[in-house]
Amino acid sequence: MITFRIRGTVRVAETGAGVPGLFVKAYDQDLLFDDLLGSAYTQADGRFEIVTTPEDFREFFEVKPDIYLKVFSPDGETLLYSSENAVRFRAGRLEEFDIRIPRDRLGSLAGESRVRLIDDTGQERETFDVGESLDVHITGLRPEAVYDLVLYDQDGAAIVANGVISNGRGEIEPTTLWPQLGCDDPRTDERLTFEEAQERWRGRGLRLEVRQNGRAVMEQTVRLGDSFTRPVLLGTDERGVVRNGFVAGDSDAVLSAYNLPFHGDVRVFLVARQHDWRPGNPFAAAQLASGRPAIADVRVESGNRRFRQRIAEAHELRPGAYDFVVRQIRYGYEDDEDLVLRPTDLVTRRITGLVVRQEFMQSKTVHGGCVNWLPISGRTIIGPPYFQYADAFQVGENVYAALDPAALDPNHKGKMVALYVVQSKDAATWTADKSLTHLAQLGGNPAVQKFLTQSDCINHNTRLVWPNANAPGLYDIVADFNDNAVLDSPGDIIDGYFAPGFRIVTDPTTETSFANHGGFQYDEMSQGSKTVTNDFGNPVTVPLKAVVRFPADMGGATMPGQISGAQLSYPMTIIVHGNGHDYQGYDYLLDHWAQNGFIAASIHLNGGMTGTDRALILFEHINILKGMFGGKAANNIGIMGHSRGGEGVVIAARKNQQMGLGHGINAVISLAPTDQYTHETLGPPWATPYLVIYGAMDGDLAGGDGPPSDTGFPLYDRANGQKKSFIFVYGATHDRFTTIGADTDLFWRKGPSDQPKILNAATHLLVAKGYATAFFRWQLRGEDQWVGMFRGEWVPTAVAQAEPAKLKICVQYSNTGASLIDDFEGVHTPLSWKVATSGAGVDDLGTLPAAPQEDKLYVVDGHSPHDTAGLQLRWDNFGDKLEYTLGALNVKNFAALSFRITQKVDSPSNPADQPQDLYVTLSDTMANSRSIKASKFTEIAAPQKRELNQYTKSALCTVRIPLSAYTIEVIGTQKVDLTSVAALRFDFLANATGEVEIDSVEFSN
Amino acid sequence: MFMDLVEYPIQSAKLQWEARQVLRDLHEIPHLLLRIKVTGTHFPRRALEAFVSIGEVRSRFVEIGPDGLSASAYFDRAPREGVVEFGYGAEVLLRFPVPFRRAVVRELDPARLPPHTRRMASE
């Protein structure tokens, strides 16, 4: 079916800003009567799309429409624009229109062109008090353009200048111009007490100019109050001078509070920082190093509503970013227990209350080195903490930047910082060329945003750096403190360098390439039944029923012959459900796969069927589908099984090869699989690319004591001969990946405290959609852009945004062709750990408190779900180590050093409920060495605790360190010669104690 | 699993309560209430209102904690003693092993209460 697409944008002529909500009609001009082709409302960015078919316009022998458009007000009554006098004759199948309507015709529909001064609650204000943050929100500008916001004092001297970029609606989103207004002078290092600031700024006026290309386009006056009455919370020193950032151990945490709206008993909480606070957000006092919660009680007199209070002593403060919450405690009320932010509470809202930096060098990726690699890119999210660092963005998404306040080099306080967004460079290019070239689509270097850091830290603002990022690719962000367009270490901060900072990529969870899908079902009336033998030897007669979806050009297609003509053939993807599941519970996947260009089906299995019988029935359906679709069904098949089906599809890969069936099974996915019938090994000669998805809160296949079984881990561990990946989803259950009977295991093997950790059903579906679709697109269509998902490098946007407070994904990954150093297999003795699988000698150099234990992991750790041997080791001092002597190994042609690692459940050596960390050192034969911090690449997460603790798992995840990290230029460290690697060493320099299990140490691709 | 075999009200040593007097502003007027906080299981949010009863005395309202691991019941009548139960609507689902006694309640100092505080009726 031929379609014609009419797309475009309606904009304000003067600024180019898109106009939402307008009613657009498209017409075909004819001799007698014009045909209405269709209509649409403009979206938030002014865009619209109308799809029409020849039936809508065809007259006589007309084959192409002659298009003109009319644009109406939202109620359809007022004509705002018409192109009737500029008809586009014989339009093609895709026509784009850029419609510009003057502001005076649009009137109020054009939106307001205005500067709003707002406080950090978003309320518009005319006057501000000293100590508050001066924020602005500006509308009616040119979209995606760079502006300078310059604040002048009443003598005309510029105080603050910020470069900002407008978003796709021509809006500068709420931006902090001057945090803690008046308490410091941004032009100098001068800092004032609150009283001194009041004296200096009382009643004064400021002027804000919005400038573009050196010309003022808007202006606004800012007044400071004659008397200051609004509550102010400031991190200060004992004198009351603002001091809200310092190195751990240097200073106490002191809060100075002014103009409190209440008196009497007051409690101050020091809490983990959020990018914003809203009533209803839960909070908890930070746990201090001394073991006590960071709480202080203060008595505020009614005649003097202020206080200065030490909340924590210097030695108690752990590194981190914090906010202060101040609450009136009324006798008898539950104010001390109800730890949910109230409208009456005071909080250091968008300005971080206190930043306690760790020792500067400890945060660096390379031990002793000076490259400052930190996450910068991210997105705003709904719900606390209101900002999420992210490495992957959907095409068209806004990319924001937030600088970690704890990361500021103490030499750069009070300086201008310029934010460059650049094409990502590989290690060799960065080493050779440290220049910064801001993206051309963002205006190039002249358009770089610049803003001032505060006296002690960068603690304000999430900044929009790339609105509507629509160019897929890899990018880095650099915070250039010298503003010299060069990456200078150690001062500048980069999100990138060792690995791409972020990527713009289509989201496999939501992206579709076909606008429509067709569908039908078949059953035993047309296809009959089949009798097969199950794994217990019993015959099972199964009606051949399935739901089928396929790509279509129009909606409503119900026949295989109506499959889209866009491609010669399509790969097939087939779902094999589990026991107690229903084949109709996976339509959400089938619909999505069909619109991603697959023939997708979900097949029926009887209750009680086992593994092998499922595989045999699958083969029947493959033949049926091939028959139905003929040449349109490519012999390029992906199979996904859930639960018993997850084991069944692995059996199918083997049986397909052993029975010589010739089905092109090129991808296998096991979703929460059993491992109870044949204990399959997916390996040669039936090795197939393999993905396992499994939830940490699985109640049906929860695992537990004894040799590993009943979880996805053993199947993954045994698979070999092809690439494989394991997606371990914290908070995911067994049954919420299907839509029928989704809560069957919700309470199984779980206690009350598990319930708040469980992801909702919609999140489960997103995880399945994102990862299964990407895997099939990768393996069946050769789309390599998804490989980073399966190495743990990035998470698709829709998944990342779903329940960010709960969702964590831990990834294992392995590919063929690796140079194995140690997999700990073989005969296990108390000394067998001293010789690696590769023959390398292994030694702890007398540092570890006890000899490592090499054995099957479930033998050394009852919480291990793995069917593999590994090494369990414990350290109790900085400087403990484990070293492999490699001789002179040439690893130049490999991409990464990788290993699997987990924290041991319940070990008191690990930080309670915190990630673990270590350094990985390579040394060459010339004694050059470099140590890389593992957590910079992969989080070694704390295990997700289950109330029934026997089901808490010491689950391995893969750490992949690109080998370029050992050769890229890093001042203060040596480059390692990868052609002659003499030693690999695990250096336990990050935390004083720890207990972990390690496996699969290798150099890989 | 096997929910059909469960007999209500469920009794378990895991079910616990604690009691204290609290002030709450109801219709902007301070009220002295008895708060019974129950723990020991996960308390789901349902369409029906939850309740706690002490003997024949029923709570005025119940608030389930943000994580569902506790429920706080507020009484405007102070029972002397009785069996503590929890349920939804009219159905009792849980029975607590330790009965309530007024003597264990953490009481507020009457002299420190706000003026015009509405006090509880006593049994």
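Use the structure listed above.
The model shown is predicted, which means the values in this text are computed figures rather than measured ones.

Caption draft 1: Examining the pattern of salt bridges more closely. On inspection of all chains with the given rule, the structure shows 68 salt bridges over all chains. Across the salt bridge formed by D155(A) and R204(A), the nearest N and O atoms sit 3.7 Å from each other. Of this pair, D155(A) sits in the loop between β11 (146–152) and β12 (158–165) while R204(A) sits in the loop between α3 (194–201) and β14 (205–212); the two residues are 49 residues apart in sequence, bridging distant segments of the chain. When its relative accessible area of 64% is taken as the criterion, D155(A) is described as exposed. Between R95(B) and E85(B) there is a salt bridge, with the nearest N and O atoms lying 2.7 Å from each other. Taken together, the positions of R95(B) in strand β11 (residues 91–95) and E85(B) in strand β10 (residues 84–88) put the pair ten residues apart, joining distant regions of the chain. Classification of E85(B) by relative accessible area gives buried; the value is 13%. A cluster of three or more residues bridged by salt bridges with shared partners is formed by E334(A), E337(A), E18(B), R20(B), R24(B), R35(B) and E63(B).

Caption draft 2: Highlighting the sheet that holds strand β7 (residues 70–75) of chain B. Residues and elements named next belong to chain B. One open sheet accounts for four strands, arranged β2-β3-β7-β6; its pairing is antiparallel. Since the sheet does not close on itself, it has two edges, and those belong to β2 (16–26) and β6 (61–64), each with one partner. Pairs of neighbouring strands in the sheet enclose a mean axial angle of 25°, with direction left out of account. Here β6 runs beside β7; their pairing, made up of four bridges, is antiparallel. Each bridged residue has a counterpart across the sheet, and for V62 the counterpart in β7 is A73.

Caption draft 3: Layout of the interface of chain B and chain A. Tallying the contact residues gives 21 residues for chain B and twelve residues for chain A. Both faces combined, the contact of chain B with chain A buries some 1400 Å², and carbon together with sulfur accounts for 53% of it. Of all residues in chain B, M1(B), L23(B) and R112(B) bury the most surface against chain A, accounting for 32% of the area lost on that side. Residues E334(A) and R35(B) are paired through a salt bridge, measuring 2.8 Å at the closest nitrogen-oxygen approach. Breaking the side of chain B that touches chain A down by element, the ones donating at least two residues are β2 and β3 (29–39) of chain B.

Caption draft 4: Just the environment of F878(A), in detail. Residue and element names in this part refer to chain A. Locating F878 in the fold gives a position in the loop between β50 (869–875) and β51 (880–889). In sequence terms F878 and L918 are 40 residues apart; their C-alpha atoms lie 9.9 Å from each other. Leave out the neighbours within four places in its chain, and F878 touches F988, L989, A990, N991 and A992.

Caption draft 5: Quick look at unusual backbone geometry. Residues and elements named next belong to chain A. The step from P384 to P385 runs through a cis peptide bond, and the omega angle for that step is 0°. Mapped onto the elements, P385 comes out in the loop between β26 (377–380) and β27 (387–389). In the Ramachandran plot, H679 falls in the positive-phi region, its phi being about 45° despite a non-glycine side chain. Notably, D913 is not glycine yet its phi reads approximately 60°, a positive angle. With respect to the element layout, D913 can be found in the loop between β52 (896–903) and β53 (919–924).

Caption draft 6: Summary view of the packing of aromatic side chains. Residue and element names in this part refer to chain A. Enumeration over the complete set of coordinates arrives at 39 aromatic pairs over all chains. Taken together through their ring pairs, the aromatic side chains of Y694, F713, Y716, F726, F728 and Y730 make up a single cluster. It is R207 that lies over the ring of Y152; its NZ or CZ is 4.6 Å from the centre.

Caption draft 7: Main features of the environment of D336(A). Residues and elements named next belong to chain A. Note that D336 resides in the loop between β22 (320–328) and β23 (346–347). Of the residues examined, D336 reaches a relative accessible area of 32% and is grouped as partly exposed. Through-space distance from the C-alpha of D336 to that of Y951 is 35 Å; in sequence the pair is 615 residues apart.

Caption draft 8: Just the side chain of K425(A), in detail. Residue and element names in this part refer to chain A. With respect to the helices, strands and loops of the structure, K425 is situated in the loop between β30 (416–423) and α4 (427–432). Among the residues examined, K425 registers a relative accessible area of 17% and is labelled buried. When neighbours within four sequence positions are excluded, K425 is seen to be in contact with W430, D433, K434, S435 and D476.

Thresholds, definitions, all that
- Residues numbered from 1 in each chain as written.
- Chains lettered and ligands numbered in written order.
- Predicted model: local features only at pLDDT ≥ 70, side-chain atom pairs only at ≥ 80, totals over all residues.
- Heavy atoms only, no water.
- Salt bridge = Lys/Arg side-chain N within 4 Å of Asp/Glu carboxyl O.
- Helix = DSSP H or I, 4+ residues; strand = E, 2+ residues; numbered from the N terminus.
- Buried < 20%, exposed > 50% of the residue type's maximum accessible area, 1.4 Å probe, protein only.
- Pairing = 2+ DSSP bridges.
- Axes fitted to C-alpha atoms, helices over the stretch in contact; angles between N-to-C directions.
- Contact = heavy atoms within 4.5 Å.
- Buried area = accessible area lost by both parts, 1.4 Å probe.
- Phe/Tyr/Trp six-rings, centres within 6.5 Å; stacked < 30°, edge-to-face > 60°.
- Lys NZ or Arg CZ within 6 Å of the ring centre and 35° of its normal.

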